[in-house]
Amino acid sequence: MNELIELINKANYEYYIMDNPSITDQEYDRYMQELIKIEKLHPEWVKDDSPTKRVGGEVISQFKKIVHEKPMLSLSNVFNEEEVRDFDEKIKKEVVPNYVCELKIDGLSVSLLYENGKLVRGATRGDGVTGEDITHNVKTIKTVPLVINQPIDIEVRGEIYMSKKSFNQLNEKRKLTNQELLANPRNAAAGSVRQLDSKVAASRNLDCFIYHLPNPEDYNIKTHYEALEFMKSLGFNVNPNIELVENVDEVLKYIDKWTKKRDELPYEIDGIVIKTNDIKQQQLLGFTSKYPKWATAYKFPALEVLTKLKDIKFTVGRTGQVTPNAVLEPVRLMGSVISRATLHNEDYVLAKHIKIGDIVSIRKAGDVIPEVVAVKKERRTGNEIDFKMIENCPICHSILIKKDSAYYCVNEKCDKKKIENLIHFVSRDAMYIEGFGDRIIEDFYNMGYLKDIDDFYNLKNYKEELKELEGFGEKSINNLLESIEKSKENSLERLLFGLGIRYVGSKTSKILAKKYKNIDNLINAKYEELLTTKDIGERIAQSVVEYFANDNGMIDKLKRHNINMLYLGKTNVNENFDGKIFVLTGTLSSITRNEAKEKIEEMGGNVSGSVSKKTDFVIVGENPGSKYDDAIKLNVPILNEQEFLSKINN
Ligand code: IVH
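Residues numbered from 1 in each chain as written. Predicted model: local features only at pLDDT ≥ 70, side-chain atom pairs only at ≥ 80, totals over all residues. Heavy atoms only, no water.

S.K.: How should the overall build of the protein be read in this particular structure?
M.R.: Counting its regular elements, the protein contains 24 helices and 22 strands. The principal-axis extents of the C-alpha atoms in the protein amount to approximately 95 × 60 × 55 Å. Burial status across the protein gives 46% buried among its 650 residues. Put simply, 67% of the contacts in the protein that link residues at least 6 apart link residues at least 24 apart. Of the roughly 34,500 Å² that the protein leaves accessible, carbon and sulfur atoms contribute 48%. (Helix = DSSP H or I, 4+ residues; strand = E, 2+ residues; numbered from the N terminus. Buried < 20%, exposed > 50% of the residue type's maximum accessible area, 1.4 Å probe, protein only. Contact = heavy atoms within 4.5 Å. Areas by Shrake-Rupley, 256 points an atom, 1.4 Å probe, with all protein chains shown as cover.)

S.K.: Whenever I open this one, the pattern of salt bridges confuses me. Can you help?
M.R.: Once their charged atoms are close, side chains differing in charge can pair, the charge on each being opposite to the other. Per the stated rule, a full pass over the model turns up 31 salt bridges. The salt bridge involving Lys65 is made with Glu132; its shortest N-O contact spans 3.5 Å. Note that Lys65 is positioned in strand E1 (residues 65-67) and Glu132 in strand E6 (residues 130-132), a separation of 67 residues in sequence. Here Glu598 ties to Arg494 by a salt bridge, and the two come within 3.2 Å at their closest N and O atoms. One end of the pair, Glu598, is in helix H22 (residues 593-602); the other, Arg494, is in helix H16 (residues 492-498), and 104 residues separate them in sequence. When its relative accessible area of 30% is taken as the criterion, Glu598 is described as partly exposed. (Salt bridge = Lys/Arg side-chain N within 4 Å of Asp/Glu carboxyl O.)

S.K.: I keep staring at the site of the ligand and nothing clicks. Help me out?
M.R.: Around the ligand sit 14 residues, and of these Glu102, Lys104, Ile105, Glu159 and Lys275 come closest. Within the backbone of Leu103, an N or O atom sits 3.2 Å from a nitrogen atom of the ligand. Lys104 places a side-chain nitrogen or oxygen 3.0 Å from an oxygen atom of the ligand. Here the ligand loses 90% of its free accessible area of 530 Å² to cover by the protein chains. Those elements giving two or more residues to the shell around the ligand turn out to be strand E3 (99-105) and strand E10 (269-276). It is E3 that provides the largest number of residues to the shell around the ligand, a total of four residues. Of the residues assigned to the shell around the ligand, the class counts are eight nonpolar, two polar and four charged. (Near = heavy atom within 4 Å. Polar contact = N/O pair within 3.5 Å; in protein donor to acceptor, adjacent residues only side chain to side chain. Nonpolar A, V, L, I, M, F, W, Y, C, P; charged D, E, K, R; others polar.)

S.K.: Is there a simple way to think about a nonpolar patch on the surface in this case?
M.R.: A cluster of nonpolar residues, Ile399, Ile401 and Val410, forms a patch on the protein surface that exposes about 280 Å² of accessible area. With respect to the helices and strands, the residue Ile401 is situated in strand E17 (residues 400-403). Here Ile401 falls in the partly exposed class, since its relative accessible area comes to 41%. (Patch = residues over 30% accessible without salt bridge, like charges linked within 9 Å, V, L, I, M, F, W, Y side chains within 5 Å.)

S.K.: How should I be thinking about the nonpolar core in this particular structure?
M.R.: The tendency in soluble globular proteins is for nonpolar side chains to be buried as a group. Ranked by internal contacts, the top residues of the largest apolar core, which has 49 residues, are Phe436, Phe444, Phe456, Leu459, Leu499 and Phe548. Counting only elements with at least two residues in this core, the list comes to helix H12 (415-426), helix H13 (438-447), helix H15 (474-487), H16, helix H17 (506-516), helix H18 (519-524), helix H20 (538-549) and helix H21 (554-560). In contact with Phe444, not counting residues within four places along its chain, are Phe436, Tyr449, Leu450, Leu459, Leu466, Leu469, Phe472 and Leu480. (Core = buried A, V, L, I, M, F, W, Y, C linked by side-chain atoms within 4.5 Å.)

Any functional reading would require information that these geometric values do not contain.
Structure representation (structure tokens):
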């Protein structure tokens, strides 16, 4: 039995901590089954640290309080470069430091106590002085060794966390069984260790990193980095991304690197921990009542903030879809002030139980459009007002029609829809008529100059009147009219996209323009024929046919304005680019990313959003993102801006 326990513990260590197993899963299962058999036959032999305990089963009636031998302190926070430098300056007044930089794992801290090399107790931080005994749950965590490599007494501290993968799996499971979803991996981990029945923790797939040795002097250890090495040698899971650095500039580089790379990690981090390396220096610097003075945590800018949802207002989009929007008490989030957030649709609001007056958390989805994530129900006062979907269009008052989870205004004459259509027509990927902000279009619409998209080309007839409008003058009207004229020469795909045909986005427009070459071919194309086009499905084919059957003479009107309706193709094919796949990352100094994309496409290349083995080149500008690392990993040729530009000129 002892031999089996040793083999299983070794296998666990190799598998979970070293990521380098030396036995097969089948062999592991066989050892485990054999051990279970022996333990069943001889319950009196079962050891407290038996690996069979990992599967859980121990149930406690309440959490025992334990007093930490040394208080478990928290860390002070810094939020930007200046504060990191201030921290460094303060330290340098006392000592000449080296720093250890670590990832700040987003979980909950734990103290592990070993006697004679065996795990005897796991405890939460609690209030720092008194924590709770969670030994039964800690034993189920595969990255916590039940026995370490030396028969010594030792306390180590670290973080229990749940990987992103386990968290997603857990929520998937909860969704299927209609249980409320957990907000984030940290809450999920905390909830799991606060269970009386260890089966729950065992099923949750928790993990643990060790990052602190409270009594280094007992082991004759002189630096924090040495302490980490020592704990690693004992068999603890120490994070592999720790770096020993010389000065604050290198600390800032580490912060910068992990700010960019944090999404690639399989677990969540909420910042970077900076610790002075030398233990004597740590002792000299000492503690405040709450924090060590020799360490601090750089916190990443919040991705989510709390604010009050003051009202819900409805907007009408180009397709007529009516969207509820949260009107928020303005808050700062990732560098901008946010006062609106999308609520998507009725189902979304109801599923999240959002009421007017609620305190809500908001985040920027995909870093751009803010959205409401969750309601803080515990902060309700009772004065909140239930949400009710409207039945009529907020602009034209016609009855809304529900389709799937969205409501639509189907009134073709609805002002808002028309304005949105006009805005879309001039947008960058459509006709790209520069100088028209949303506001100008709305004003021109309300004044009657713009009613439908062909009216852009009639504006020149009102030049004298327009010049007199407040905020305009000869020069700005001339510029506007010039860019309208210029748009007449656009290739067919821009016009197709600008028409606003449902389901025909800019990519589909390109496919159609390339295949049909001119608008008449496309108008004459039958539904079945459209379907034979690559990437054109029933929904798009149907929509194209319907559009041209009911366009109220719009195409003819546009033809009368001499608008080009031919596919001009790649105007400038270059063999360096033709058929090749490019990926852009970082900021280019001489052209914008959109211009670079247009150039590449014009010369026959394609631009993709992610790096794969099929990518031909990755173009790298200033401050590149993870795509740069992907390119190196996959051995994809890299071009800097200069090399890219000279490829164009060749
Ligand atoms: S050191 C005296 N290192 O962050 C040393 N803490 O906000 C105290 N944390 O309570 C902790 N990763 O739960 C340290 N690499 C790391 C950490 C880390 C996460 C947590 C820990 C601490 C909290 C402070």
